[in-house]
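Residue-level listing of the chains:
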Amino acid sequence: MPEKRRKFDREFCEGAVRIVRETNKPIAQVAADLGIHAGTLANWVEQGKINRGESEGLSGDERAELARLRAENAELRMERDVLIGLVGGRAAW
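The text that follows walks through the structure, step by step, so that each part is easy to find. Source: prediction; values computed, not measured.

Conventions adopted
Residues numbered from 1 in each chain as written. Predicted model: local features only at pLDDT ≥ 70, side-chain atom pairs only at ≥ 80, totals over all residues. Heavy atoms only, no water. Helix = DSSP H or I, 4+ residues; strand = E, 2+ residues; numbered from the N terminus. Rg over C-alpha atoms; globule rule 2.2 N^0.38 Å. Buried < 20%, exposed > 50% of the residue type's maximum accessible area, 1.4 Å probe, protein only. Contact = heavy atoms within 4.5 Å. Lys, Arg positive; Asp, Glu negative; His and termini not counted. Charge placed at Lys NZ, Arg CZ, Asp CG, Glu CD. Axes fitted to C-alpha atoms, helices over the stretch in contact; angles between N-to-C directions. Parallel < 35°, antiparallel > 145°, perpendicular 65-115°, else oblique. Nonpolar A, V, L, I, M, F, W, Y, C, P; charged D, E, K, R; others polar. Salt bridge = Lys/Arg side-chain N within 4 Å of Asp/Glu carboxyl O. Core = buried A, V, L, I, M, F, W, Y, C linked by side-chain atoms within 4.5 Å. Patch = residues over 30% accessible without salt bridge, like charges linked within 9 Å, V, L, I, M, F, W, Y side chains within 5 Å. Areas by Shrake-Rupley, 256 points an atom, 1.4 Å probe, with all protein chains shown as cover.

**What about the overall build of the protein?**
Piece 1. In terms of helices and strands, the protein carries four helices and zero strands.
Piece 2. Going from the N terminus to the C terminus, the protein shows its helices and strands as α-α-α-α.
Piece 3. Taken over the C-alpha trace, the protein has a radius of gyration of 22 Å; the compact-globule value for 93 residues is 12 Å, which it surpasses by more than 25%.
Piece 4. Taken along its principal axes, the extent of the C-alpha atoms in the protein is 70 × 40 × 20 Å.
Piece 5. A buried classification covers 15% of the 93 residues belonging to the protein.
Piece 6. In the protein, 33% of the contacts between residues at least 6 apart in sequence involve partners at least 24 apart.
Piece 7. Counting 16 positive and 16 negative side-chain charges, the protein places the centres of these two groups 3 Å from one another.

Next up, the structure:
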(Lines give C-alpha, C1' and ligand atoms only; values in the text may rest on other atoms or scores of the structure.)
Protein backbone atom coordinates (compact mmCIF):
# COMPACT_ATOMS: atom_id res chain seq x y z
CA MET A 1 0.00 0.00 0.00
CA PRO A 2 1.43 3.43 -0.91
CA GLU A 3 2.76 5.61 1.86
CA LYS A 4 0.52 8.53 2.80
CA ARG A 5 2.00 11.89 1.87
CA ARG A 6 2.66 14.07 4.92
CA LYS A 7 1.77 17.76 4.99
CA PHE A 8 3.90 20.27 6.87
CA ASP A 9 2.77 23.73 7.91
CA ARG A 10 4.69 26.83 6.88
CA GLU A 11 6.17 27.42 10.35
CA PHE A 12 7.66 23.93 10.45
CA CYS A 13 9.23 24.31 6.99
CA GLU A 14 10.65 27.74 7.76
CA GLY A 15 11.96 26.55 11.12
CA ALA A 16 13.70 23.56 9.54
CA VAL A 17 15.34 25.79 6.93
CA ARG A 18 16.38 28.25 9.64
CA ILE A 19 18.04 25.42 11.60
CA VAL A 20 20.07 24.43 8.52
CA ARG A 21 21.09 28.02 7.81
CA GLU A 22 21.94 29.05 11.36
CA THR A 23 23.67 25.88 12.62
CA ASN A 24 25.48 24.91 9.40
CA LYS A 25 24.61 21.30 10.19
CA PRO A 26 24.30 18.97 7.18
CA ILE A 27 20.81 18.77 5.72
CA ALA A 28 20.77 15.00 6.25
CA GLN A 29 21.47 15.39 9.98
CA VAL A 30 18.80 18.07 10.50
CA ALA A 31 16.30 16.03 8.49
CA ALA A 32 16.99 12.93 10.57
CA ASP A 33 16.61 14.94 13.80
CA LEU A 34 13.23 16.25 12.58
CA GLY A 35 12.04 12.90 11.21
CA ILE A 36 11.71 14.02 7.61
CA HIS A 37 13.34 12.93 4.36
CA ALA A 38 16.61 14.70 3.54
CA GLY A 39 15.44 15.37 -0.02
CA THR A 40 12.36 17.18 1.27
CA LEU A 41 14.45 19.44 3.49
CA ALA A 42 16.92 20.03 0.65
CA ASN A 43 14.04 21.20 -1.55
CA TRP A 44 12.86 23.58 1.18
CA VAL A 45 16.38 24.99 1.63
CA GLU A 46 16.76 25.53 -2.12
CA GLN A 47 13.33 27.19 -2.39
CA GLY A 48 14.30 29.45 0.52
CA LYS A 49 17.44 30.50 -1.36
CA ILE A 50 15.36 31.28 -4.44
CA ASN A 51 12.82 33.28 -2.42
CA ARG A 52 15.64 35.31 -0.82
CA GLY A 53 17.26 35.95 -4.22
CA GLU A 54 20.36 33.90 -3.39
CA SER A 55 19.73 31.40 -6.19
CA GLU A 56 18.20 31.35 -9.66
CA GLY A 57 14.67 30.04 -10.09
CA LEU A 58 11.02 30.86 -9.56
CA SER A 59 9.75 32.02 -6.20
CA GLY A 60 6.56 30.56 -4.78
CA ASP A 61 4.55 33.57 -5.94
CA GLU A 62 6.05 33.33 -9.42
CA ARG A 63 5.20 29.62 -9.59
CA ALA A 64 1.59 30.36 -8.66
CA GLU A 65 1.35 33.11 -11.26
CA LEU A 66 2.87 30.85 -13.92
CA ALA A 67 0.32 28.12 -13.16
CA ARG A 68 -2.53 30.65 -13.32
CA LEU A 69 -1.28 32.05 -16.65
CA ARG A 70 -0.87 28.58 -18.15
CA ALA A 71 -4.45 27.68 -17.20
CA GLU A 72 -5.71 30.95 -18.65
CA ASN A 73 -3.72 30.33 -21.82
CA ALA A 74 -5.23 26.85 -22.20
CA GLU A 75 -8.74 28.27 -21.78
CA LEU A 76 -8.10 30.98 -24.37
CA ARG A 77 -6.77 28.39 -26.83
CA MET A 78 -9.96 26.33 -26.41
CA GLU A 79 -12.12 29.41 -26.97
CA ARG A 80 -10.10 30.30 -30.06
CA ASP A 81 -10.46 26.77 -31.44
CA VAL A 82 -14.23 26.88 -30.93
CA LEU A 83 -14.48 30.22 -32.73
CA ILE A 84 -12.30 29.01 -35.60
CA GLY A 85 -14.53 25.94 -35.90
CA LEU A 86 -17.65 28.11 -36.04
CA VAL A 87 -16.20 30.44 -38.66
CA GLY A 88 -14.55 27.67 -40.66
CA GLY A 89 -17.65 25.48 -40.62
CA ARG A 90 -19.95 28.36 -41.51
CA ALA A 91 -22.28 27.48 -38.68
CA ALA A 92 -25.78 28.76 -39.30
CA TRP A 93 -27.69 30.17 -36.36
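**As for the packing of helix H1 (residues 10-23) against helix H3 (residues 38-51)**
Piece 1. The geometry of H1 relative to H3 is characterised by a closest axis approach of 9 Å and an angle of 85 degrees between their N-to-C directions. Taken together, the axes of H1 and H3 are roughly perpendicular relative to one another. Residue-level contacts link Phe12, Cys13, Ala16, Val17 and Val20 of H1 to Leu41, Trp44 and Val45 of H3.
Piece 2. By residue class, the composition of the contact of H1 with H3 is eight nonpolar, no polar and no charged.

**What to know about the pattern of salt bridges**
Where side chains of opposite charge bring their charged atoms close, a pairing between them can arise.
Piece 1. In this structure the tally under the stated criterion is four salt bridges.
Piece 2. For Glu54, the salt bridge goes to Arg52, with nearest N and O atoms at 3.1 Å.
Piece 3. In this structure, Asp81 and Arg80 form a salt bridge, with 2.9 Å as the shortest nitrogen-oxygen distance.

**Some details on the nonpolar core**
Within soluble globular proteins, side chains that are nonpolar tend to cluster in buried spots.
Piece 1. Within the largest apolar cluster, 10 residues are counted, these being Cys13, Ala16, Val17, Val20, Val30, Ala31, Ile36, Leu41, Trp44 and Val45.
Piece 2. With four residues, the top contributor of residues to this core is H1.
Piece 3. With sequence-adjacent residues up to four places away left out, Val45 is seen in contact with Val17, Val20 and Ile27.

**A short note on a nonpolar patch on the surface**
Piece 1. Among the surface-exposed residues, Val82, Leu83, Leu86 and Val87 lie close enough to one another that they form a single nonpolar patch of about 370 Å² accessible area.
Piece 2. Within the secondary structure, Val82 sits in helix H4 (residues 60-88).
Piece 3. On the basis of relative accessible area, Val82 is assigned to the exposed category, the value being 51%.

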